[in-house]
Amino acid sequence: MNHIENMLKRRKSGFSLESDFYHDQAIFDLEMKAIFENDWVFGGNDCEIPKPGDYITATIGRNSIIIVRDQQEQIHAYLNSCRHRGSLICTHKKGNANQLVCPYHQWTYGLDGTLKHAGEMGSDFDPTQYSLKSVSLKILHGLIYVCISKTPPDFENFKTQVGPYIKPHQPFRTKVAHEDNIIEDANWKLVIENNRECYHCAGSHPELTYSLTAFAMPDDPRGDSFFNELMPKKIKDWEKLGLPHKPVPGGEKFRCIRLPFINDALSMTVDGSLACRKLLGDFTEADLGSVRMFHVPGNWNHFGSDYILHASVTPLSPDQTLLTTKWLVHEDAVEGWDYDVEHLTRVWKATNQQDAILAHNNHLGTKSVGYEPGPYAQSEFMLTDFTNWYAKMMENYLVNVKNNEDL
Amino acid sequence: MNHIENMLKRRKSGFSLESDFYHDQAIFDLEMKAIFENDWVFGGNDCEIPKPGDYITATIGRNSIIIVRDQQEQIHAYLNSCRHRGSLICTHKKGNANQLVCPYHQWTYGLDGTLKHAGEMGSDFDPTQYSLKSVSLKILHGLIYVCISKTPPDFENFKTQVGPYIKPHQPFRTKVAHEDNIIEDANWKLVIENNRECYHCAGSHPELTYSLTAFAMPDDPRGDSFFNELMPKKIKDWEKLGLPHKPVPGGEKFRCIRLPFINDALSMTVDGSLACRKLLGDFTEADLGSVRMFHVPGNWNHFGSDYILHASVTPLSPDQTLLTTKWLVHEDAVEGWDYDVEHLTRVWKATNQQDAILAHNNHLGTKSVGYEPGPYAQSEFMLTDFTNWYAKMMENYLVNVKNNEDL
Amino acid sequence: MNHIENMLKRRKSGFSLESDFYHDQAIFDLEMKAIFENDWVFGGNDCEIPKPGDYITATIGRNSIIIVRDQQEQIHAYLNSCRHRGSLICTHKKGNANQLVCPYHQWTYGLDGTLKHAGEMGSDFDPTQYSLKSVSLKILHGLIYVCISKTPPDFENFKTQVGPYIKPHQPFRTKVAHEDNIIEDANWKLVIENNRECYHCAGSHPELTYSLTAFAMPDDPRGDSFFNELMPKKIKDWEKLGLPHKPVPGGEKFRCIRLPFINDALSMTVDGSLACRKLLGDFTEADLGSVRMFHVPGNWNHFGSDYILHASVTPLSPDQTLLTTKWLVHEDAVEGWDYDVEHLTRVWKATNQQDAILAHNNHLGTKSVGYEPGPYAQSEFMLTDFTNWYAKMMENYLVNVKNNEDL
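Note that residues are indexed from 1 along each chain, following the sequence as it is written. Whichever chain is written first becomes A and whichever ligand is written first becomes 1, with later ones labelled in order. Two thresholds apply to this predicted model, a pLDDT of at least 70 for residue-level local features and 80 or more for giving and counting side-chain atom pairs, whereas whole-chain, interface and lining totals are computed over all residues.

Trainee: Let's hear about the overall build of chain A: which residues, and what values?
Mentor: Helices and strands together make up the secondary structure of chain A, namely nine helices and 16 strands. Since a compact globule built from 407 residues should have a radius of gyration of about 22 Å, the 22 Å found for chain A is in line with a globular shape. For chain A, the spread of C-alpha atoms along the three principal axes comes to 80 × 55 × 35 Å. Within chain A, the proportion of its 407 residues that are buried is 48%. Taking contacts inside chain A between residues at least 6 apart in sequence as the whole, the part at least 24 apart equals 66%. Strands are runs of DSSP state E lasting at least two residues, helices are runs of H or I lasting at least four, and both sets are numbered from the N terminus onward. Only the C-alpha atoms count toward the radius of gyration. The rule for a globule is 2.2 Å times the residue count to the power 0.38. Whether a residue is buried, exposed or partly exposed is read from the other C-beta atoms within 10 Å of its own C-beta, which are placed from the backbone; 20 or more gives buried, 12 or fewer gives exposed, and intermediate counts give partly exposed. Placing a C-beta atom from the backbone of each residue, one calls two residues in contact when those atoms lie within 7 Å.

Trainee: Could you give an account of the sheet that holds strand 4 (residues 75-79) of chain A, with specific residues and numbers?
Mentor: Residues and elements named next belong to chain A. Pairing in this open sheet of seven strands is antiparallel, and the strands run 1-10-9-4-3-2-5 from one edge to the other. Of all the strands in the sheet, the pair left with one neighbour each is strand 1 (41-45) and strand 5 (94-96). Across the sheet, the axes of successive neighbouring strands diverge by a mean angle of 30°, strand direction being ignored. Bridge count between strand 2 (residues 54-60) and strand 3 (residues 63-69): six bridges; the pairing is antiparallel. Here, any two strands with at least 2 DSSP bridges between them count as paired. In this analysis, axes come from line fits to C-alpha atoms, helices being fitted only over the stretch in contact, and the angle between any two N-to-C directions falls in the range 0 to 180 degrees.

Trainee: Let's hear about the interface of chain A and chain C: which residues, and what values?
Mentor: Counting residues at the interface gives 21 residues for chain A and 25 residues for chain C. Looking at the side of chain A that touches chain C element by element, the count peaks at five residues for helix 8 (residues 341-365) of chain A. Looking at the side of chain A that touches chain C residue by residue, the classes come out as seven nonpolar, 12 polar and two charged. Classification used: nonpolar for Ala, Val, Leu, Ile, Met, Phe, Trp, Tyr, Cys and Pro, charged for Asp, Glu, Lys and Arg, polar for all others including Gly.

Trainee: Summarise the pairing of strand 14 (residues 299-303) of chain C; cite the residues concerned and give the values.
Mentor: Residues and elements named next belong to chain C. Summarising burial for strand 14: four of the five residues are buried, a large majority. One ladder, built from five bridges, connects strand 13 (residues 290-295) with strand 14; its direction is antiparallel. Residue Met 293 lies in a different strand from strand 14, and its bridge partner there is Asn 301. Where strand 13 hands over to strand 14, the hairpin turn is made up of three residues, counted between the paired strands. Connecting strand 14 to the next strand, strand 15 (residues 308-317), in antiparallel fashion are four residues.

Trainee: Can you break down the confidence of the model for chain A residue by residue, with the values?
Mentor: Known as pLDDT, the predictor's confidence for each residue is given on a scale from 0 to 100. On average, residues of chain A score 97 in pLDDT, and 99% of them reach the 70 mark or higher. Under the prediction, the complex receives an ipTM of 0.95, its pTM being 0.96.

Trainee: Outline the relation of the copies chain A and chain C, supporting the account with residue identities and numerical values.
Mentor: We superpose the copies by least squares over the C-alpha atoms of residues that have a pLDDT of at least 70 in both of them. Superposition of chain A onto chain C requires a rotation of 120° combined with a translation of 0.0 Å along the rotation axis, giving an RMSD of 0.0 Å. The symmetry that links the two subunits is that of a three-fold axis. The C-alpha atom lying nearest the rotation axis in chain A is that of A:Gln25; the distance is 7.0 Å.

Trainee: Tell me what's going on with the packing of helix 1 (residues 2-10) of chain B against helix 9 (residues 381-402) of chain B, and back it up with residues and numbers.
Mentor: Residue and element names in this part refer to chain B. Contact geometry of helix 1 with helix 9 gives a least axis separation of 11 Å together with a crossing angle of 140°. By the angle between their directions, the pair helix 1 and helix 9 is classed as oblique. For the pair helix 1 and helix 9, the sense of crossing is left-handed. Two secondary-structure elements touch here, helix 1 through Ile 4, Glu 5 and Leu 8 and helix 9 through Ala 391, Met 394, Glu 395 and Leu 398. Each residue belonging to the contact of helix 1 with helix 9 can be placed in one class, and the counts come to five nonpolar, no polar and two charged. Put simply, angles under 35 degrees are roughly parallel, angles over 145 are roughly antiparallel, angles from 65 to 115 are roughly perpendicular, and the rest are oblique. The hand of a helix crossing depends on one turn: near helix anticlockwise from the far one by less than a right angle means left-handed, and clockwise means right-handed.

Trainee: Mind laying out the environment of A:His245, listing which residues take part and the relevant values?
Mentor: Residues and elements named next belong to chain A. For His 245, the location among the structural elements is in the loop between helix 7 (225-240) and strand 12 (254-259). Here the alpha-carbon distance between His 245 and Leu 259, two residues 14 residues apart in the chain, equals 7.1 Å. Look past the residues within four positions of His 245 in its chain and what remains in contact with it is Ile 235, Trp 238, Ile 257 and Arg 258.

Trainee: Could you give an account of the pairing of strand 12 (residues 254-259) of chain B, with specific residues and numbers?
Mentor: Residues and elements named next belong to chain B. With respect to burial, strand 12 is a largely interior element, six of its six residues being buried. Residues of strand 12 alternate between two faces, with Phe 254, Cys 256 and Arg 258 on one and Arg 255, Ile 257 and Leu 259 on the opposite face, all of them buried. Examined bridge by bridge, strand 12 and strand 13 (residues 290-295) share six bridges and lie antiparallel to one another. Opposite Cys 256, over in strand 13, you have Met 293 as the bridge partner.

Trainee: Just give me the short version of unusual backbone geometry, but keep the residues and values in it.
Mentor: Cis peptide bonds are those with omega within 30 degrees of zero, and the linkage from B:Val296 to B:Pro297 qualifies with -5°. Mapped onto the elements of the fold, B:Pro297 is located in the loop between strand 13 and strand 14 (299-303). The residue A:Glu73 is not glycine, and still its phi comes out positive at about 70°. Within the element layout of this structure, A:Glu73 appears in the loop between strand 3 and strand 4. For C:Asn263, which is not glycine, the phi dihedral falls at a positive 55°. In this structure, C:Asn263 sits in the loop between strand 12 (254-259) and strand 13. With 12 C-beta atoms counted inside 10 Å, the residue C:Asn263 sits in the exposed group.

Trainee: Quick rundown of the interface of chain A and chain B? Include the residues and the values.
Mentor: With 25 residues of chain A at the contact, the number on the chain B side is 21 residues. In terms of residue class, the side of chain A that touches chain B is made up of eight nonpolar, 11 polar and six charged.

Trainee: Can you break down the sheet that holds strand 13 of chain C residue by residue, with the values?
Mentor: Residue and element names in this part refer to chain C. With antiparallel pairing, six strands are arranged side by side in an open sheet as 11-16-15-14-13-12. Only two strands of the sheet have a single neighbouring strand rather than two, namely strand 11 (174-184) and strand 12. Each adjacent strand pair in this sheet contributes to an overall mean axis angle of 15°, direction not counted. Alignment of strand 11 against strand 16 (residues 320-330), held across 10 bridges, turns out to be antiparallel. For Glu 179, the partnering residue across the bridge sits in strand 16 and is Lys 326. Against the sheet, helix 5 (residues 188-195) contacts strand 11, strand 14, strand 15 and strand 16, and its axis sits at roughly 155° relative to strand 15.

Trainee: Explain the packing of helix 3 (residues 25-36) of chain B against helix 9 of chain B residue by residue, including any values.
Mentor: Residue and element names in this part refer to chain B. Remark: helix 3 packs on helix 9, axes separated minimally by 9 Å, with the N-to-C direction vectors making an angle of 95°. In terms of orientation, helix 3 lies roughly perpendicular with respect to helix 9. Residues Leu 30, Lys 33, Ala 34 and Ile 35 of helix 3 touch helix 9, and the partners they reach there are Met 393, Met 394 and Tyr 397. Within the contact of helix 3 with helix 9, the residues separate by chemical class into six nonpolar, no polar and one charged.

Trainee: Which residues make up the environment of B:Lys93, and what are the values?
Mentor: For B:Lys93, the position within the fold is in the loop between strand 4 (75-79) and strand 5 (94-96). Residues contacting B:Lys93, with those up to four places away along its chain left out, are B:Ile56 and B:Thr57.

Trainee: Give a description of the environment of C:Thr59 that names residues and reports values.
Mentor: Residue and element names in this part refer to chain C. Topologically, Thr 59 is positioned in strand 2 (residues 54-60). Measuring from C-alpha to C-alpha, the distance between Thr 59 and Val 313 comes to 9.6 Å, with 254 residues separating the pair along the chain. In this view, Thr 59 contacts Ser 64 and Thr 314; residues no more than four positions away in its chain are not counted.

Below, the structure is given as structure tokens:
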């Protein structure tokens, strides 16, 4: 612990982290507790479980969780571990069930988490003591966030600020058109750092940069004349449509902003054409740019006029990270007619693969004795936010551990 | 060490173990010493080495051992590590050799373990100091048990009690008809816990439950009317044949009992028909149920009228376990005539695969922060025995370490 | 640390190392610092980068390094880690570049290591603070040795003594005819110990022993009459040609000697025939035996009249080791005319595979509780040198750590 504390103490804001943060197993184990079991983590979209009894499973740190819609349309989250001997209860990524039955000994839980049946347990067994353990859950216009901690941090500020940006895209009226899972050979924080800047975009992402501007702020000091003319024009359009666009004051925890596309693109596709002819929500105007939204520790999203992209990061080990990407379109869009999966997914599949290579090389290089924390560029200000937040979470956790015998 | 001691102290008998027992590398390393190098472990059947010079290798904890029959028909066990620079001497699973020759520098040991030849060692080299290290060995009607500890625990009680049950099946007059090795992605203790109860059988093992009764005791409180009528009838038959059947008082270390099959089955096959027409030993009666015998840490066996099943567990890492299963038939049985390997092995191959999935899901679920030790059902009394024994072995080892500088 | 220190203290010279030295992750991590980042390590041959801008990458302990020839024909070595966020800069094994451009954000370094370009870094960014980190580099007639330590140990003694043996073979006028990389499932020290003795050759290396004598010294006490007649004859030939041959006093750090081939072999090939008709350097005489040269921690070489073999060892983990072998011939030799790659490489490809199996079995056997350090044979005197050197390096490092807060 001393080693981690010393590294946190000598850390300089605005610089990347010391090598051990990216490679050490003990630090990884601590992160699972201090970060992933301590904050709101993206769990999925409620459109994935439209009917009563529908459930999905998600991995939050070391934990599998079940997100399930009950008969009263209420959505719950539970730790996916039977109260008998701990087996996973739901072993698939999704399904539908009237009751949650453990496949091991058929302990049976209601969708409200209470234990309804457990065979051979004898007369002094009290089933009320063996309900599934709940996980806190919040829904933001369809986006499900879960928190394993018994004392979750505030969610309201995020909800209040980000809600108006997302609502017009009506995520709750979408469906998952495609899901992709890749394992990156890099520490999860390098995957996030890679995602939080577009300093590398021009050199690496030909498909993405057809539509995406590298500038992260409306008044980006790097902005070229094209961008500086485009921005006020688009702002006028958006305000006419009542669409919020200014960067929200999310501090180090979240970010939300609407930015225009370049090259007259309507969507994040290889040629800027729409990925889905049926627009989201009640949109009639296609040329909306996109809302970019990020929430720590590892959830980034793009909300266009035609599709939504959810990305989330699950650390597997110090040197492996699962990246899950979902493409969502209007719930009534018809595959083959309104959208083509290849056209819809090509930009981000290519971008994710390119980023995986960059993050892997970054991971390998930070093992070197030659590596020392380097200075972030001005356009990497979101990495400063991220590492500052990360360090604070770790520090707070270590302080709490010290004040608490029961680590 | 403190962490393990605390977990052992707060452990509640009758409940599953805390998560770290199933996942922690340091605990795994300790188990190799405290458990696998400290008690009698099943090493094979002496029918596997019928001729002088025949040997097999087995893995006991971290150690490869050689079990070899010498010219005087005496069976010995040695640690499979050359006294020169430590190489494995026998690199195959079985073979025949007049002398044990290290493939590295041809150091040559007699079957009695003494060093017979070592080239280029100079004149002050004393070969008598470099014999192979012996492993204690006991044979129970053909079943070989080995113990790496220099002070092996008692074997006589096990031998005396279990011997009469096994002897009529004459394991020493069998041959291995088939061997199967699978690696389960689960902690070895979860593999054992899975094996020690049939609470999960009805829900998971259609092939096994054709013949096997889920009831573990003659007076099982769950016993249905069918079982309660069957049991006394079978006991009368067995007593007429002089076959012992009552559960032996093996405490937490071993178990031995004869139980009947259901569905008029004669053997543990998918349809209850015999797996081998040539019966074991001197049996003329096929309808004998089976003797179920278990010995800690990880050896279970079934002795039917027609075949014997030996299963043993070798931990590979906290999350991987090798399960070795051998099917033995009468030494004179003829493949294709008396038995068909597919028919012989189908029930237990299927059952092992089903159990591997259950154990893996159990393993994954116990990683959750939602997992806490859960209560064993009444029919899981053997898990209470197992975990109590396990905890005692670990506690004793830790006490000995404390009293001994030389860990 | 205490455990390592105790093991070092009780170590007996002339015996193999205790088990943990071959298997413990903490010891492995320490070795990367104490050994591989603290001494001269073979990096390649300068003939691999003949033209300005040519570079190769090599792995030294945990570090990737770049070895590059600049426009002034000067060769430099740098740690392959961008000073921005640490990414690998050169991601291929070899290439040619006017400048070293990081693929992540295009930070651009001159071949002299200075930072020439870094976009978006703001006005108070001082590029002179962000040059690539140099690695010390020495060239011995073409052989490149690098040292990551800021205070490299002496190189001159090695250079002075070994130079005259190597120079006539003119490694600097060769080319790589073939490179082979295999991963051995054994600790790197067992790979070295295997290489440092030929006690095992007769039993394992039929291809190698056609040409190679098992005797390591001109006055080897094991020498047979054939060898004892051959040696003085060959010495006379060599002295006529002005070729040095006596073993150099390299102590525990290096070894260099010229020894004859047996069976009238001209080269280390399966039948003793030349591997390359075009002889090295200015040789006109083919029958020269070979110079055998070894440098700690893991570089062995053979210099024949027709080809040079460079072998070097890169530890990957306690139980995996990369072995890189390169076969070099005269720079003007023509493939298909002067040499055939299969004939050139067959002996050492076979030998390396045979050694990989021996080292793996040695690795497995040393995990046993039955393993204790065994006595080296007289012909294994180079293993005594190696383990003595190893222990000293580890001890010195641990003393320095104690005297230095900043591990």
